[in-house]
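# Breakdown of the fold
The primary structure of each chain is shown beneath.
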Amino acid sequence: MDWMAELGAITAETRGELGGLQRRALPKGLDLFAPGDRAQGFPLVLAGRVEVYLTGPSGREILLYAVEPGQSCIQTTLGLLGDEPYSGTAATVSEAEVVTIPKPLFLRLMDRDPAFRGFVLRSFGQRMADLTRLLEAVAFGKVEARLAGALLDLAEGGVVRATQSDIAARIGSAREVVSRKLDAFAKAGWVVTERGEVHLRDEAALRRARGH
């Protein structure tokens, strides 16, 4: 796979420099950065999924966004361009493959290659739009709607394999709230809950609850 195709019409010089970078295979569950760390490079996810989340003083977590092939990490872009430290934590939630563009090379390419610069800024804008939608959902959306949407998005073969804490982090709520709402969904016949799993029984009802 030509991973550089995602970058658009980059110059031959840029392609040559990027061609020497090594792909890295990462295991599931690997922490990639933590609050206070400094960005050392611009990672491009070629396969798998990385999730970025914030942890509050109480230990409550909220999922900010995920990075999958073709997407960029907002916090890394801010760190490289604005010299800001990371405020969140990133971890692989599946096996992944990445190529990391070292910071000095990234900054040179931003200066000299319009196509590369356009890719970075366009990706950043798209991710900021995603983050804005998340903030709107957390601030103004009903917990039931966010929970229903998360269950539909996470389900594989009608089964969500995630803890209630994981689901709570994804929708910006507390585990206790998710537990109560899942109990209500179960009483309505929409789901069946087991340890570490939620089985969807009425996806049409969940879609109505989600609102679209």
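Residues numbered from 1 in each chain as written. Predicted model: local features only at pLDDT ≥ 70, side-chain atom pairs only at ≥ 80, totals over all residues. Heavy atoms only, no water.

Looking at an unreviewed UniProt entry, one finds the protein named Crp/Fnr family transcriptional regulator, with Paragemmobacter amnigenus as its source organism.

## Examining the overall build of the protein
Each helix and strand in the protein was counted, giving 8 helices and 10 strands. Expressed along its principal axes, the backbone C-alpha trace of the protein runs to roughly 60 × 35 × 30 Å. Residues counted as buried form 39% of the 212 residues belonging to the protein. Taking the intrachain contacts of the protein between residues at least 6 apart in sequence as the baseline, contacts between residues at least 24 apart amount to 68%. Surface accessibility of the protein: about 11,200 Å² in total, with carbon and sulfur atoms responsible for 52%. One way to put it: in the protein the 27 positive side-chain charges average out to a point 4 Å from where the 27 negative ones average out. (Helix = DSSP H or I, 4+ residues; strand = E, 2+ residues; numbered from the N terminus. Buried < 20%, exposed > 50% of the residue type's maximum accessible area, 1.4 Å probe, protein only. Contact = heavy atoms within 4.5 Å. Areas by Shrake-Rupley, 256 points an atom, 1.4 Å probe, with all protein chains shown as cover. Lys, Arg positive; Asp, Glu negative; His and termini not counted. Charge placed at Lys NZ, Arg CZ, Asp CG, Glu CD.)

## Some points on the nonpolar core
Counting residues in hydrophobic clusters, the biggest one holds 36 residues, and the most contacted among them are Trp 3, Leu 7, Leu 18, Phe 42, Ile 101, Phe 106 and Phe 116. Within the residue set of this core, elements represented by two or more residues are strand 3 (41-47), strand 4 (50-55), strand 5 (61-67), helix 2 (74-82), strand 7 (96-102), helix 3 (103-112) and helix 4 (114-140). Residue contributions to this core peak at 5 residues, all from helix 4. The residues touching Leu 7, leaving out its near neighbours within four places in the chain, are Leu 18, Leu 44, Ala 115, Phe 116 and Phe 119. (Core = buried A, V, L, I, M, F, W, Y, C linked by side-chain atoms within 4.5 Å.)

## Here's the deal with the environment of Ala 209
Topologically, Ala 209 is positioned in helix 8 (residues 203-210). On the basis of relative accessible area, Ala 209 is assigned to the partly exposed category, the value being 24%. C-alpha of Ala 209 to C-alpha of Ala 148: the two residues are 61 residues apart in sequence and 6.2 Å apart in space. Contacts of Ala 209, omitting those with residues within four sequence positions, involve Ala 145, Ala 148 and Trp 190.

## Regarding the sheet that holds strand 2 (residues 31-33)
A sheet is described by the order of its strands in space; here 4 strands give the open sequence 2-6-4-5, paired in antiparallel fashion. Both edges of this open sheet fall to strand 2 and strand 5, since each of them pairs with a single strand only. Neighbour-to-neighbour, the strand axes of the sheet open up by a mean angle of 30°, direction not taken into account. Where strand 2 lies against strand 6 (residues 89-92), 2 bridges are found, and the strand directions are antiparallel. What sits directly across from Asp 31, in strand 6, is Ala 91. (Pairing = 2+ DSSP bridges. Axes fitted to C-alpha atoms, helices over the stretch in contact; angles between N-to-C directions.)

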